[in-house]
Amino acid sequence: MTATTHDNENPAEEVTSEITDEVYDIAIIGGGPVGLYGAYYAGFRGKSVVVIDSLSVVGGQVAALYPEKKIYDVAGFPQILGRELIEGLHQQALKYNPTFLLGESVTGRSVNLDSNIHTLKTASGRKIHTRAALISGGVGTFTPKPLPAARNFSGEGLLYFIPNPTELQDLDVVVVGGGDSAIDYCLMLKEVAKSVTLVHRRSEFRAHEASVKELFESSVEVITDAEVTSLLGDDRLEKVEITKGDEVIYRNCDRIVAALGFNANVASIKALGIDVIENRHILVNTKMETNVDGIYAAGDIATYDGKVKLIAVGFGEAATAINNAVVRIDPKEHLAPGHSSDNKG
Amino acid sequence: MPYVITSQCIGTMDKSCVDECPVDCIYEGDKKLYINPFECIDCGACEPACPTNAIWQDRRVPEGEEAHVQDNKDFFELTLLGREGPIGNAGGSQMVGAIGVDTELVRGL
Ligand SMILES: Cc1cc2nc3c(=O)[nH]c(=O)nc-3n(C[C@H](O)[C@H](O)[C@H](O)COP(=O)(O)OP(=O)(O)OC[C@H]3O[C@@H](n4cnc5c(N)ncnc54)[C@H](O)[C@@H]3O)c2cc1C
Ligand code: SF4
Ligand code: SF4
């Protein structure tokens, strides 16, 4: 192992006394590609699973940073779009009905030393009891970058993702941003919404050339070198103020979609009471065990000598972690899962 | 395979790149900014934000700028003038603020 120092202060482990609610077999912290695959594997092993992610969608870095990029190095797919890979992983995991808690960050952990049950705490105050946990937290909790103009606006109408475009039917929509997701949202909404306006603070777009071309040929109004400076309306958004140089423009707006990118934060991982090295990684052994009994790590956040951060690598680590966790929580179980092709599929 | 900041940043330092970085791994020296190659997740979000075209993927830096690949690394791994030890992997530039000193290479430019 490379020489590394433990440069975080480990919060003293708290102890939970009484547990009355449901206890999961395996909790998965982080629903990126690795966590989703872990959820599938835990389900395949017949274990109850909860997947927790700070984002309101699954898919981690792939969903947040490059849903429209093609990936060429996932085993079995000569090429696959990021969002298609996530869709496939999500479907595969859903086969065994895991619980998903989205929009929730895990911010703490305690343990009952008699039963060895861990209790995870989320930012909203929820408690999740589990026999084992897999930390597949990647580069930390993702949250969308906030829209500065929304700071003084508390009404309805601000969105960071669009899970269901039909909810924006016949509405005036303003999209803010200059990346792939901003443009993709505009192109997706142009047939659905009453009007679509894209506001970008620069004149260049950081997106696929073909989609930028399609954007400029579409009915979407594109306002560049401009910023949304105010959201107007009381309980509900009605209008936005856009500032372009010295000019102030107003547009009717029922919904504003902020596609400004994401922040990743490792602070909550450090609060789990597990050794974190180099301020962002968790050291694991060949079973993917961390320094805490019953807590495993896989994917970008897990490290060991020779680690390569790739989706394919994370898949293998997730399978190793889950199968070892299964034996840890029930020593009568076999480590080898059996072949999925045999019967269970 | 991180991104690196080359000499074009010197004197501009508008920090547009800092706003784009999802992992906050772009740190401020005195007259230039530096990307921590260990913390960078290679997402490329900073590159189009730079008005001077100073940001490149490490294996694609333009001719004459090759030394900055190592120099971005040195900023974090060597002890900079007047400091007690290397900055290392601080876990985010917001945590440490502006460092206010440059590498030897950049001080000489
Ligand atoms: C632009 C780009 C291109 C890439 N291209 C490729 C490629 O071609 N091939 C390849 O193999 N890899 C590629 N990668 C790397 C790949 O995306 C990562 O290796 C992969 O996403 C790691 O998956 P993960 O599940 O470990 O973590 P992530 O994808 O980072 O997911 C972690 C999830 O955990 C959540 N989380 C973290 N902490 C908490 C908490 N405390 N509570 C709740 N939720 C939490 C986060 O919100 C996040 O959703 C690329 C990365 C980028 C940025
Ligand atoms: S490539 Fe991404 S992670 Fe790396 S410095 Fe640029 S914005 Fe930050
Ligand atoms: S955007 Fe470019 S010029 Fe501005 S600080 Fe970043 S690297 Fe330097």
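Given the structure is predicted, the values throughout are model-derived calculations rather than measurements. (Residues numbered from 1 in each chain as written. Chains lettered and ligands numbered in written order. Predicted model: local features only at pLDDT ≥ 70, side-chain atom pairs only at ≥ 80, totals over all residues.)

**With respect to the overall build of chain B**
Point 1. Looking only at helices and strands, one finds four helices and four strands in chain B.
Point 2. The secondary structure elements of chain B, listed N-terminal to C-terminal, are β-α-β-β-β-α-α-α.
Point 3. The C-alpha radius of gyration of chain B comes to 12 Å, within 12% of the 13 Å expected for a compact globule of 109 residues.
Point 4. The contacts of chain B with a sequence gap of at least 6 include a subset with a gap of at least 24, amounting to 69%. (Helix = DSSP H or I, 4+ residues; strand = E, 2+ residues; numbered from the N terminus. Rg over C-alpha atoms; globule rule 2.2 N^0.38 Å. Contact = placed C-beta atoms within 7 Å.)

**Quick look at helix H4 (residues 180–189) of chain A**
Residues and elements named next belong to chain A.
Point 1. Summarising burial for H4: eight of the ten residues are buried, a large majority.
Point 2. Of the positions making up H4, those classed as buried are Asp 180, Ser 181, Ala 182, Ile 183, Asp 184, Tyr 185, Cys 186 and Leu 189.
Point 3. Of the surrounding elements, those touching the buried residues of H4 are strand E12 (172–176), strand E13 (195–199), helix H5 (209–217) and strand E18 (255–258). (Buried ≥ 20, exposed ≤ 12 C-beta atoms within 10 Å, placed from the backbone.)

**A closer look at the nonpolar core**
Residue and element names in this part refer to chain A.
Point 1. The biggest cluster of nonpolar side chains holds 87 residues, and the ones touching the most others in it are Ile 26, Ala 27, Ile 28, Leu 134, Ile 135 and Tyr 296.
Point 2. Here Ile 135 is in contact with Ile 29, Gly 30, Ile 269, Ile 282, Ile 295, Tyr 296, Ala 297 and Ile 301, once residues within four sequence places are set aside.
Point 3. Ala 149, Val 173, Leu 198 and Ile 242 belong to the second-largest nonpolar core, a separate cluster that totals 33 residues. (Core = buried A, V, L, I, M, F, W, Y, C linked by C-beta atoms within 7 Å.)

**With respect to the interface of chain B and chain A**
Point 1. Every contact between the two is made by ten residues of chain B and, on the other side, twelve residues of chain A.
Point 2. Split by residue class, the side of chain B that touches chain A holds seven nonpolar, two polar and one charged. (Nonpolar A, V, L, I, M, F, W, Y, C, P; charged D, E, K, R; others polar.)

**Remarks on the sheet that holds strand E16 (residues 239–244) of chain A**
All names here are of chain A.
Point 1. As summarised here, the arrangement of the three strands in space is E15-E16-E17, forming an open sheet in which the pairing is antiparallel. Lying at the two open borders of the sheet, with one neighbouring strand each, are strand E15 (227–232) and strand E17 (247–252). Sheet twist, expressed as the average angle between the axes of neighbouring strands with direction ignored, equals 25°.
Point 2. Taken together, the six bridges between E16 and E17 define a ladder with antiparallel strand orientation. Across the sheet, Thr 243 pairs through a bridge with Val 248, a residue of E17. (Pairing = 2+ DSSP bridges. Axes fitted to C-alpha atoms, helices over the stretch in contact; angles between N-to-C directions.)

**Points about the site of ligand 3**
Point 1. Of all residues adjacent to ligand 3, which total 14 residues, the nearest are Cys9(B), Thr12(B), Ser16(B), Cys17(B) and Cys50(B).
Point 2. Along the lines of polarity and charge, the residues of the shell around ligand 3 split into nine nonpolar, three polar and two charged. (Near = placed C-beta within 6 Å.)

**Quick look at the sheet that holds E13(A)**
Residue and element names in this part refer to chain A.
Point 1. One open sheet holds the five strands; their spatial order is E11-E18-E12-E13-E14, and the pairing between them is parallel. Two strands close off the open sheet at either side, each with one partner strand: strand E11 (158–159) and strand E14 (221–223).
Point 2. Here E12 pairs with E18 via four bridges, running parallel. From the neighbouring strand, Val 174 faces E18, where its bridge partner is Ile 256.
Point 3. Packing of H4 onto the sheet brings it into contact with E12, E13 and E18, and relative to E12 it is tilted by some 160°.

**Looking at the domain arrangement of chain A**
Residues and elements named next belong to chain A.
Point 1. Structurally, chain A comprises domain 1 (14–143 + 263–329) and domain 2 (146–260).
Point 2. When each unit is reduced to the centre of its C-alpha atoms, the spacing between domain 1 and domain 2 is 33 Å.
Point 3. For the side of domain 1 that touches domain 2, the residue count by class is two nonpolar, one polar and one charged. (Domains from an automatic or database assignment.)

**Things to note about unusual backbone geometry**
Residue and element names in this part refer to chain B.
Point 1. At Lys 15, a residue that is not glycine, the phi angle is positive and equals roughly 65°.
Point 2. Checked against the element boundaries, Lys 15 lands in the loop between strand E1 (3–5) and helix H1 (16–20).
Point 3. Of note, Asp 42 is a non-glycine position whose phi angle comes to about 65°, a positive value.
Point 4. Residue position: Asp 42 is located in the loop between strand E3 (33–35) and strand E4 (55–57).
Point 5. A tally of 11 C-beta atoms within 10 Å means that Asp 42 is categorised as exposed.

**Concerning the site of ligand 2**
Point 1. The full set close to ligand 2 counts 15 residues, and Tyr3(B), Cys21(B), Cys40(B), Cys43(B) and Cys46(B) are the nearest of them.
Point 2. In terms of residue class, the shell around ligand 2 is built from twelve nonpolar, one polar and two charged.

**A closer look at the packing of H4(A) against H5(A)**
Residues and elements named next belong to chain A.
Point 1. Between H4 and H5, the least distance of the axes is 10 Å, while the angle of their chain directions is 45°. Put simply, H4 runs oblique to H5. Note that H4 runs across H5; the crossing there is left-handed. For the pair H4 and H5, the contacting residues are Ile 183, Asp 184, Cys 186 and Leu 187 in the first and Ser 211, Val 212, Glu 214 and Leu 215 in the second.
Point 2. Class assignment of the residues belonging to the contact of H4 with H5 gives a composition of five nonpolar, one polar and two charged. (Parallel < 35°, antiparallel > 145°, perpendicular 65-115°, else oblique. Left-handed = near helix turned anticlockwise from the far one by under 90°.)

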